[in-house]
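# Analysis of the macromolecular model
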Amino acid sequence: MSQHIIADELVFFVNGRKVREQNADPETMLLPYLRRTLRQTGTKYGCGGGGCGACTVMISKYNVLEKKILHFSVNACLTPLCMLHGAAVTTVEGIGSTRTSIHPVQERIAKAHGSQCGFCTPGMVMSMYTLLRNNPSPSTAQLQQTLAGNLCRCTGYRPIVDAFRTFCTATTCCQKGEPGVSCPLGKVEQDGSSTESMARDQDMCSQLFKADDFLPLDDTQELIFPPELMLMEEKLEKRTLVFRGERVMWIAPAKLEELLELKSQYLKAPLLVGNTNIGPNIKFKGAFHPVMIHPVNVSELNSVQFTDEGLRLGAACSLSHMKDVLVKAIAEIAQEKTEIFQALVDQLCVLGGEQIRNVASLGGNIVSGSPTSDLNPILAATNCILELVSKERRRKIHLDENFFVGFGKTALMPEEVLLSIFIPYSRKWQFVSAFRQASRRENAFSIVNSGMQVVFKDETRVIAELRMFFGGMGPTTVCAKRCCKELINRSWDEDLLNQACDLLLDEISLPSSAPGGSVEFRRTLTISFFYKFYLQVWQRLQKLLSKENLFGADIPERHWSATIPLQVGLPRGLQKFQQVPWDQLPEDQVGQPVVHLSAVKHATGEAIYCDDIPHQEGEVFLVLVTSSRAHAKIVSIDAVEALHLPGVLDIITAQDVPGENKMLDMGEILRESEVTCVGDIICGIVANSRVCAKTAAAAVKITYEDLEPLVLTLEDAIQHKSFYAQRKLENGNVDAAFEKVDQQLEGQIHIGGQEHFYMETQSILVIPKGEDGEIEMVCSTQHPTLAQTVVAGSLGIPSNRVTVRVKRIGGAFGGKGLQTSKMAAITALAAHKTGRSVRLVLERGEDMLITGGRHPFIGKYKVGYMTDGTIIAVEVTCYGNGGNELDVTLEVLEQVLINMDSGYHIPHLRLTGFACRTNLPSNTAFRAFGQPQAIAITESWITDVASKCGLSAEKVREINLYRGEECYTPCKTIFDSRNQLICWNECLTSASYHNRKIVIEEFNKLNRWKKRGISVMPLKKAVGFTVPFLNQAGALLLVYEDGSVLLTHGGTEMGQGLHTKMLQIVSRELKIPMSAIHLNETSTATVPNTSPTAASFSTDLNGMAVKAACQTLLQRLEPFMHDNPKGTWKDWVKEAFRNKVSLSTTGFFKGEDVSIDWEKGEATGIRYFIFGAAYSEVEIDCLTGDHKNIRTDIVIDAGSSINPAVDIGQIEGAFTQGLGLFTMEELKYSPKGVLYTRGPTQYKIPAVCDIPEQLNVYLLSGSKNPNAIYHSKGISESAVLAGCSVLYAIKDAIAAARRETGLTGNFTLNSPCTPEQIRMACIDQFTEMVPVNVPESTPWAIIV
């Protein structure tokens, strides 16, 4: 290495400013460097694994050969700092700010209401910004690809798409045009459906924003690429760069000879190009590489060369570049030569997100040896050739079954480098196809994938060559070698199909406990893929041979849809809401679609979250040590090694708690002697840095003694009678009613749990004030008062010494209440013991492991009904998995029971519920709080009754709806149901339900392997807390001499627009513009004893308190207003001040006492209900289990909306969360209680590809709610229930598929309805071929 010039200095630019880093550490990623070193906190930490897009930034590099600047988006969390030499980094702060000017991308996402909690917004902005830098007028297809790598948990994506669609060449954005102009989506659309029912109402509006007012995109105003970097690339001789850290050396050779020399010297050193595989292995699997070689500057590795035989791609070519090359070739070269290219493009379009494809290399994809690689099966099936070089030799080998020798292992010799990949042209009579099925269509690893190639003897249907490779069917990419050999010289006909399936199943198998589970599903996919290939080839042969009825018996045309993959377009939609009265004052913003107060700051990265707060002097970091056993005695805690590591300050254990080590229903704050779940918090390590604390935490040795029983699943709890409590609710005479009904049925359904997946993980900063035991805490919590109480209790000090501050929260959904308070106490204990400020920010995997989510439920039911579909009696027994601590499990169970009617009048009802204690992390509050589980159970028996009666589910629902002004819930609460019926009818009309049903029935007749389903269901949700003392709120209003107003109230802002609505209320009450009012944070030092921000009730509570404060102030100002009627607000305030009138007021609201008497089965004090209806339409692929959401219409009775933009955004976001709950979000646990799904790689929330192509939201016209402020309603949670309509639309589609094989009876469809559930429920000849998997050993995963 002595001959190399050592680059001791890393040079790059960030937002136009030069950065020179001496001795850059190869282990440092760009994200922490931006946030901690440069204090550029707009780029957010979301997952740390490149799966969410929150950390998206743009990197620009100068290509000397092409004399071109390349812009591409990357995940900063996976980008090593050492990769940036000579690059320019642009973050969200670099494109615009409120202090200078904002960029059109930032403006549009903000003003189109595309930001709620705002945590994902900077990443969204930078993805779009990068697209525009490359193409100022992108297509909608490019927009869809751009957003595939960015997740949002709040909005439901539609407003983000609407905002960015305004940049596209052919926009269909419904916000174009003048006020009052009907949205084009309100016109008659394809298939004769209409969305004009509510558009006819003259008092309704559909314009949430005015696109014509947006700033134009001016690419001349963008940051220029630093000329210094261009000169650096052009003038400086290429040389090897070396960067050394404490543990790792990074070497970037400039020439191939240098690379080969290095590889011979460092045999175990990996070649790192994009860090998309090595990076996650280091972070999540503990891999360590003392030397890393970065070969991207070696020109031979980046070459692209077309020859007479095909295409040679350098191994370091990024997947994005590869895709662009292939797409261009497909457009320019004859189709028969580009079969392989097209198959690769099909996979590349959905492989990862743009941020991953932009840096991940083709060679890295191959040599990683991943068994789920989407490219390797195609490359192997098509005889692609790998060129391998080393210092001593050069050789070429075929990429085939011999190349993959084990999990993550290939036939490469340690000293060899993959130089290039040769992809041959296809030829006539050669057909190539690629298949994949994943848990999400885009940006998800395949469950199973395949590459298939067949070559026929010229002018015949006789097979000359057949190659089939599968991923996801073993530790490596698997070749069906015996099957292919057996089928050579066979004719392509039905006999071949049957034999091929048998051979495939015989050759490619999986053990019953195979990693990943889903054995039957995966085996079924292998033959389903082959059947698709069989049909595709049949079609092609039929055209080439030009013979009718080519193979004897013709394949019916209705089977051909199996050859067409489901295509998903960008979501679009119509939003309808009430117009404000014509005589409303212009400054009165109530009822207007006001932009979220912080939206622009979200989009510029200026919005401050907990972990964005600058580090305090002497601040240290806390990392938690959690249990690795689900039920065990703690024998010992050995922290000797950990405490001796450099930078480690102390360990925090239960012995350090000066006060109470228990909190309410959450058990111990720190475990003392026994752990009851994997993820129980045992202790914490305090150190000078996050990295040091994490290393030390891993060094803590805990000895356990396992205890029995181990109760994980609901079946375990039932078997062991492991219950916290039981609840019963009964109406009518159930036993007598069952005697009189025409028919009875029984069934059950399992509803899986759900992870909150708030974009901002649990974050706490505790600052000891140094006197009187005072503690100041910045905490990402929904319940500041609870955090204050728990911290004070654990420290043994009064609550008045603890101040909890909340500026904003990056999403919560119920998950930042009780469990956050426990972690706040541990952080406070660390601050108390060390006397220093302590910061705790959980990594995504830690957060998912430690905190529980939505409760899994089993509902077992018996239903008595008449032959006309009228339901007379229902008996339901349900079990909820509460986890290891009671938390709010009992309250959730109660909500499940009292909402089991779900909009239906059931005269005789008996409900029994059990809150189960298990050895899982405590499940907790989650948006809609038990009611999604209730509606899923109810709709299960509704659809069962419909099936038995030979009626549509919609007919049975309509027959059993509540009707009239005086209806009674199961807990004897009286309510007026008329708006529910109006919502139901409006939904049927707006969705053109009956027309769509006819169209779907016709579609299903014409298609054997694609089926569509439809579902419409009522929604009914009670609003408010059932704990009486929580129904209260306070507010503080401060008016300053200049007339400016400072407002504080007890609610927290977590994306739901609460603060925005509060300012609208103050503006109306005081008749002043919103710009004169400021709200800086929520604090226990200004408003004490706050209720949690939850239950869709915060606007109701805090809004009334704010209004009361305003009215008190107005009473004080009234004399001055009377004396000076022509004066201004400032005049009156100034005069009041000079007359020594207090301009500080408080407001308080006392809500009604809501209570439930379980002995009597009666509830009192429920303020009101949200009514609504939801229609959904889906299409499923019966052969793979894939599905797409075609359309959803939601009608919600929101009363008189205070802010329609906020409310519609909440409806769409809640619906999307429900969509995830019921169709894709699957938590997987090991038989020992270890959570497998600990991040976006394993746990899939909805992405933009999962949103219905048409998503229409209507706020019911003319509704007024007398029981809440300004006749509004709290709707933030209700639309979660609408996601259930997708589940039952899928069930409808599956039922259509089952009828093809003569199956017409009821069947169970559990939630979430994943591709596996769909495929295995569509029973056909292929599922029947696969033997039932009987576990011979412990299964890989369990259903809890």
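Residues numbered from 1 in each chain as written. Predicted model: local features only at pLDDT ≥ 70, side-chain atom pairs only at ≥ 80, totals over all residues. Heavy atoms only, no water.

In terms of residue burial, strand E36 (residues 908-916) counts as a mostly covered element, since eight of its nine residues are buried. As defined by bridge partners, strand E28 (residues 723-731) adjoins E36 across eight bridges and the pair is classed as antiparallel. Note on E36: the bridge partner recorded for Ala-725 is Ala-915. Bridge count between strand E35 (residues 871-881) and E36: nine bridges; the pairing is parallel. (Buried < 20%, exposed > 50% of the residue type's maximum accessible area, 1.4 Å probe, protein only. Helix = DSSP H or I, 4+ residues; strand = E, 2+ residues; numbered from the N terminus. Pairing = 2+ DSSP bridges.)

Once that is clear, we can look at the sheet that holds strand E49 (residues 1254-1259). A sheet is described by the order of its strands in space; here six strands give the open sequence E6-E21-E49-E48-E47-E39, paired in mixed fashion. Of all strands in the sheet, those with a lone pairing partner are strand E6 (204-205) and strand E39 (1010-1023), marking the two edges. Bridge count between E39 and strand E47 (residues 1168-1181): 14 bridges; the pairing is antiparallel. If you follow Arg-1012 over to E47, its bridge partner there is Glu-1179. Along the sheet face, helix H33 (residues 1204-1223) touches strand E21 (575-578), E47, strand E48 (1187-1196) and E49 and points at about 130° away from the line of E49. (Contact = heavy atoms within 4.5 Å. Axes fitted to C-alpha atoms, helices over the stretch in contact; angles between N-to-C directions.)

This model, assessed by the stated rule, comprises 66 salt bridges. With its nearest N and O atoms 3.0 Å apart, the salt bridge here joins Arg-1012 to Glu-1179. Here Arg-1012, found in strand E39, pairs with Glu-1179, found in strand E47; they are 167 residues apart in sequence, far enough to count as distant. Of the two residues examined, Arg-1012 and Glu-1179, each falls in the buried class. If you follow the salt bridges from partner to partner, you end up with Arg-35, Lys-44, Asp-611, Asp-612, Glu-619, Arg-690 and Arg-839 in one network. (Salt bridge = Lys/Arg side-chain N within 4 Å of Asp/Glu carboxyl O.)

Counting buried positions along helix H2 (residues 104-111) gives seven out of eight residues, so the element sits mostly inside the fold. Buried within H2 we find Pro-104, Val-105, Gln-106, Glu-107, Arg-108, Ile-109 and Ala-110. Those residues of H2 hidden inside the fold are in contact with helix H3 (121-134), helix H5 (158-165) and helix H17 (599-604). With its phi angle positive at about 65°, His-113 sits one or two positions after the end of H2.

The strand order across the open sheet formed by eight strands is E24-E26-E22-E33-E30-E31-E32-E43, and the pairing between neighbours is mixed. Two strands close off the open sheet at either side, each with one partner strand: strand E24 (648-652) and strand E43 (1082-1083). Taken strand by strand, helix H19 (residues 690-699) contacts strand E22 (620-626), E24, strand E26 (681-687) and strand E33 (838-841), and its axis lies near 25° from that of E22. Across the sheet, helix H23 (residues 818-834) is in contact with E22, E24, E26, strand E30 (763-768), strand E31 (775-779) and E33; its angle to E30 comes to roughly 35°.

With respect to the helices, strands and loops of the structure, Thr-918 is situated in the loop between E36 and helix H26 (931-949). Within polar-contact distance, the side chain of Thr-918 engages the side chain of Asn-881 at 2.5 Å. Residues contacting Thr-918, with those up to four places away along its chain left out, are Thr-676, Val-711, Leu-712, Thr-713, Ala-717, Asn-881, Gly-883 and Asn-884. (Polar contact = N/O pair within 3.5 Å; in protein donor to acceptor, adjacent residues only side chain to side chain.)

Turning our eyes to something else, we now look at unusual backbone geometry. Each neighbour pair has its own omega, and for Glu-708 with Pro-709 the value is -5°, a cis peptide bond. Its location among the elements puts Pro-709 in the loop between strand E27 (701-706) and helix H20 (714-720). Each neighbour pair has its own omega, and for Ser-1311 with Pro-1312 the value is 5°, a cis peptide bond. Note that Pro-1312 resides in the loop between helix H34 (1284-1299) and helix H35 (1315-1321). Of note in this structure, Trp-429 is not a glycine but carries a positive phi near 75°. By the element assignment, Trp-429 lies in the loop between strand E16 (417-424) and strand E17 (430-438). Judged by relative accessible area, which is 4%, Trp-429 ranks as buried. One non-glycine residue, Ser-992, lies in the positive phi region at around 50°.

Running from amino to carboxyl end, helix H15 (residues 494-507) crosses helix H16 (residues 519-545) at an angle of 155°, the nearest separation of the two axes being 10 Å. The pairing of H15 with H16 is recorded here as roughly antiparallel in orientation. The handedness of the crossing between H15 and H16 comes out as right-handed. Together, Glu-494, Leu-496, Leu-497, Ala-500, Cys-501, Leu-504 and Leu-505 of H15 and Arg-523, Thr-526, Ile-527, Phe-530, Tyr-531 and Tyr-534 of H16 make up the contact between the two elements. Grouping the amino acids of the contact of H15 with H16 by side-chain chemistry returns 10 nonpolar, one polar and two charged. (Parallel < 35°, antiparallel > 145°, perpendicular 65-115°, else oblique. Left-handed = near helix turned anticlockwise from the far one by under 90°. Nonpolar A, V, L, I, M, F, W, Y, C, P; charged D, E, K, R; others polar.)

What follows concerns the pairing of E22. In terms of burial, E22 is a largely internal element, six of the seven residues being buried. Bridging between E22 and E33 involves two bridges; their strand directions are parallel. Across the sheet, residue Phe-621 finds its bridge partner in E33, namely Arg-839.

Mean pLDDT over the chain stands at 94; residues scoring 70 or higher make up 96%. In the model, residues 172-200 has pLDDT below 50 throughout and makes 72 contacts with residues more than four positions away in sequence or in other chains. (pLDDT = per-residue confidence, 0-100.)

Its location among the elements puts Gln-1242 in the loop between H33 and E49. Note: C-alpha distance between Gln-1242 and Leu-1227 (15 residues apart in sequence) is 8.9 Å. In this structure, Gln-1242 is in contact with Tyr-1236 and Thr-1237, ignoring residues within four places of it in sequence.

Counted by the stated rule, this structure contains 27 aromatic pairs. Relative to Trp-492, the ring of Phe-456 lies with its centre 5.6 Å away and its plane at 85°, an arrangement referred to as edge-to-face. On the criterion of sequence distance, the pair formed by Phe-456 in strand E18 (residues 446-456) and Trp-492 in the loop between helix H14 (481-487) and H15 is long-range, its members being 36 residues apart. Residue class for Phe-456 comes out buried when judged on its relative accessible area of 2%. Trp-492 gets classed as buried once you look at its relative accessible area, which sits at 0%. Between Tyr-531 and Trp-1009 the ring centres are 5.4 Å apart and the planes differ by 70°, which places this aromatic pair in the edge-to-face class. Of this pair, Tyr-531 sits in helix H16 while Trp-1009 sits in the loop between helix H29 (993-1006) and E39, and the two are 478 residues apart along the sequence. Of the two residues examined, Tyr-531 and Trp-1009, each falls in the buried class. (Phe/Tyr/Trp six-rings, centres within 6.5 Å; stacked < 30°, edge-to-face > 60°.)

Grouped together as the largest cluster of nonpolar side chains are 302 residues, with contacts concentrated most on Phe-164, Trp-492 and Phe-530. Tallying contributions element by element places H16 first for this core, with 14 residues. Discounting residues that sit within four places of it in the chain, Phe-164 has contacts with Val-105, Ile-109, Met-124, Val-125, Met-128, Leu-143 and Leu-147. (Core = buried A, V, L, I, M, F, W, Y, C linked by side-chain atoms within 4.5 Å.)

On to the state of the cysteines, then. Applying the stated criterion across every chain, the model contains zero disulfides. Cysteine Cys-483 shares no disulfide, and the gap to the nearest cysteine sulfur, in Cys-484, comes to 5.3 Å. (Disulfide = S-S within 2.5 Å.)

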